[in-house]
Amino acid sequence: MDLGVCYYPEQWPQEVWAEDARRMSEMGLTWVRIGEFAWSRLEPEPGLYAFEWLDRALDILHAAGLKVVLGTPTATPPKWLVDSDPAMLALGPDGQPRRFGSRRHYCFSSETYRAHCARIVTALAERYGGHPAVLAWQTDNEYGCHNTTISYSAAAARRFRLWLQTRYADIAALNRAWGAVFWSQEYRSFDEIDPPSQTVTEANPSHRLDYNRFASDEVAGFNRLQTDILRRLSPGRDVIHNFMGFYTEFDHFAVGADLDVASWDSYPLGFLEDFWFSADEKRRYLRQGHPDVSAFHHDLYRGCGRGRWWVMEQQPGPVNWAGHNPAPLPGMVRMWTWEALAHGAEVVSYFRWRQAPFAQEQFHAGLNLPDRTEDVGAGEVRQVSREIADVGRLSPCARAATALVFSYEADWLTKIQPQGRGYSALRLVFEVYCGLRRLGLDVDIVDPAADLTGYQMVVAPALPIVDEALAARLMSLTAPVLLGPRTASKTVDFQIPPGLPPEALRSMLPMRVTRVESLRGDVDLAVRVVADGSVVHGKAWREFIDSPLVPLARFDDGGGAWFRHGHFDYLATWPQDALLQRILADMAERAGIVCVPLDEGVRLRRRGGLTFAFNSAPEERPAPAPQDADFVIGGPTLAPGGVSAWRGG
Ligand code: GAL
């Protein structure tokens, strides 16, 4: 449980570096991430490396006892490189190249750019691979940030054709898989296929899904190019990448498989402002952030890192990039830090040491102001650092009793074919996560390919594609499994299965979905629970199901809304909170998992024999602790933005 900070020595005069390093260490920080945007200073002219400044910075940081994560600078190719090879630029869906002047302007598929990256990463790793301060590497920075996963460049088109050839081998197979007879879309050879952009109306969904799969593989391959070099030249160092929040354009589990540690960049107030939350939620959690957003990503990236994960960038104050950028409530930087640690983070690192008075992020806070005096966040970091010392080392998070399955491919699919505006696998999974967390449960978010045996309850709200292997694994479980609407509704080729959904699971789930309807967000779908007659609600989506099963809940017209058969529960609608709570609590009880229904805004997380409670509500809340709790942080009352932790459950 360490704290760190992102630092840009190249942005500051060398005279202040030693003082900065001394103050970092005195503040309780032990890790510093540097270098990830410094290409123009590392290689100011083609092939001419300028490493002396970095030698000096590393020596200064090392002398102050700090450990360094050295970033590879490949998110910011310099001007000379772009000018010498304009074909390395990514192309947007409008066919226009991304221009130089910000960052992430490269195309993952450019082979010449990959060669440049291999060269600079090799040069850095040869020089610093054994440096005593460099104990970890970060590859690139936030793959996909600013919507840059997908490019429509000539290089991408070329590599896509090869990718398709490998997948389908023969063009007739592709035509069948894509249903290309529809609208005369048939191809005679792989060479005829372009990326799916600039079509008159929507492009073929199978074509688009394959392009997503291809683009995702390109990110993983680009990352692997770097991790291979780093492992060879800098053995024993952890290789990390920093992922983003609510970003799904590539499969993070696949990239995570090549990392030692997954990390992510946590900006709770920016995410609340810029995502789908209601105006009420945005007002209510304005300065604290939504109670589940950080935790959702902590649990997701713990999964991507196979247990090892960090927060690489933690919001330290107001940011600059969201629609509006409020200041966090005093205490939030501390609460966010403890929340990450409670979810198993090895390191929480703040973005950034000092606010830069120039260029794009002038309004983005740091731990220090541009004049080198401390900002509010710094005081909270000192406090957390003292508290960590008092609490002592905590063992990593134990496996949770509940697994929540998240599929990146499912999110691509629902983006391509939402069928109702706003239908998103990510959002559905997130809302179900919120439901589990309101019941006080710890959750592991896992890849559909993960081993699900041993979980007491498995929740899979959004799996539109269930291939044979996944179907076999789901059917072989004995723990209760919740399946959401649209489960197994498409084949791997993005077609309705011949025997209608959910065909892949039919041998254990006797039902056929014969019709679906999507509904505006302001339409409530009443659902009556058969057992007690209570009325709860679904929204957005309804399936008409033909089945011999007797439903546990019905829509107004008598059609089934919630079915159970064997270990499967199936939902024929997108559940609103009360319906969701009802189902999850019922399943947890069957699974033998004890729920702790929580007050609004309060959440729990267990780690290392401690139970942590967090309050994101703007009012005080009682901590849901036993009467005689032995508190190690805080006490029985949680202030807004407050944290308490006690020994035991
Ligand atoms: C992240 C990025 C940082 C910085 C930060 C600002 O997306 O990795 O470089 O831009 O956001 O919040």
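Procedures and definitions
- Throughout, a residue's number is its position along its own chain's written sequence, starting from 1.
- pLDDT decides what is reported in this predicted model: residues at 70 or higher carry local features, side-chain atom pairs at 80 or more are listed and counted, and totals for whole chains, interfaces and linings draw on all residues regardless.
- Side-chain calculation: all heavy atoms of the structure are included, whereas hydrogens and water are not.
- Accessible area is worked out with a 1.4 Å probe on protein chains only. A residue is then buried under 20% of its type maximum, exposed over 50%, and partly exposed in between.
- Here a strand is any run of E in DSSP of at least two residues, a helix any run of H or I of at least four, and the numbering for each starts at the N terminus.
- Two strands pair if DSSP finds at least two bridges between them.
- Stacked, edge-to-face and tilted are the three classes for Phe, Tyr and Trp ring pairs, Trp counted by its six-membered ring, which pair at centre distances within 6.5 Å; planes under 30 degrees apart are stacked, over 60 edge-to-face, the rest tilted.
- We define proximity as follows: a residue is near a molecule or strand when any one of its heavy atoms falls within 4 Å of that partner.
- Pairs of N or O atoms within 3.5 Å make up the polar contacts considered here, provided that, within protein, one atom can donate a hydrogen while the other can accept it, and that residues adjacent in sequence are counted only when both atoms are side-chain atoms.
- Helix axes use the C-alpha atoms of the stretch in contact, all axes being lines fitted to C-alpha atoms, and the angles between their N-to-C directions lie in the range 0 to 180 degrees.
- The rule for a salt bridge is simple: a side-chain nitrogen of Lys or Arg has to be within 4 Å of a carboxyl oxygen of Asp or Glu.

Asks: Just give me the short version of the pairing of strand β6 (residues 261-266), but keep the residues and values in it.
Replies: Among the six residues that make up β6, six are buried, leaving the element largely enclosed by the rest of the structure. Of the two faces of β6, both are covered, the one formed by Val261, Ser263 and Asp265 as well as the one formed by Ala262, Trp264 and Ser266. As paired strands, strand β5 (residues 238-243) and β6 are joined by four bridges and run parallel to one another. By the bridge assignment for β6, Phe243 is matched with Trp264. Taken together, the five bridges between β6 and strand β7 (residues 309-314) define a ladder with parallel strand orientation. For Ala262, the partnering residue across the bridge sits in β7 and is Trp309.

Asks: Kindly report on the packing of aromatic side chains, identifying the contributing residues and their values.
Replies: Applying the stated rule across the entire model yields 51 aromatic pairs. Centroid distance Phe271 to Trp321: 6.1 Å. Interplanar angle 50 degrees. Geometry classified as tilted. Of this pair, Phe271 sits in helix α10 (residues 268-274) while Trp321 sits in the loop between β7 and α13 (332-342); the two residues are 50 residues apart in sequence, bridging distant segments of the chain. Taken together, a centroid distance of 5.8 Å and an interplanar angle of 75 degrees make the contact between Phe631 and Trp646 edge-to-face.

Asks: Please set out the site of the ligand residue by residue, giving values where relevant.
Replies: As a structural note, the neighbourhood of the ligand is formed by Phe37, Arg103, Asn141, Glu142, Asp265, Tyr267, Glu313, Trp321, Phe351, Glu361 and His364. In the environment of the ligand, an oxygen atom lies 2.9 Å from a nitrogen or oxygen atom belonging to the side chain of Arg103. In the model, an oxygen atom of the ligand is placed 2.8 Å from a nitrogen or oxygen of the Glu313 side chain.

Asks: Outline the sheet that holds strand β4 (residues 134-138), listing residues and values.
Replies: Paired through backbone hydrogen bonds, the strands of a sheet run either parallel or antiparallel to each other. Around the barrel, which closes on itself, the eight strands sit in the order β1-β2-β3-β4-β5-β6-β7-β8 with parallel pairing between neighbours. Within the sheet, the average angular offset between the axes of one strand and its neighbour, ignoring direction, is 25 degrees. Taken together, the three bridges between β4 and β5 define a ladder with parallel strand orientation. Residue pairing in the sheet places Gln138 in a bridge with Ile240 of β5.

Asks: Outline the pattern of salt bridges, supporting the account with residue identities and numerical values.
Replies: With the rule as written, the count across this model stands at 53 salt bridges. The partner of Asp210 in a salt bridge is Arg167, with the nearest N and O atoms 3.5 Å apart. Here Asp210 is found in helix α8 (residues 205-233), whereas its partner Arg167 is found in helix α6 (residues 154-168), with 43 residues between them in sequence. For Asp210, a relative accessible area of 1% gives the class buried. Residue classification places Arg167 among the partly exposed positions, given a relative accessible area of 37%. The residue Asp238 makes a salt bridge to Arg308 at a minimum N-O spacing of 2.8 Å. With Asp238 in strand β5 and Arg308 in the loop between α12 (293-304) and β7, the pair connects residues that are 70 residues apart, well separated along the chain. When its relative accessible area of 29% is taken as the criterion, Arg308 is described as partly exposed.

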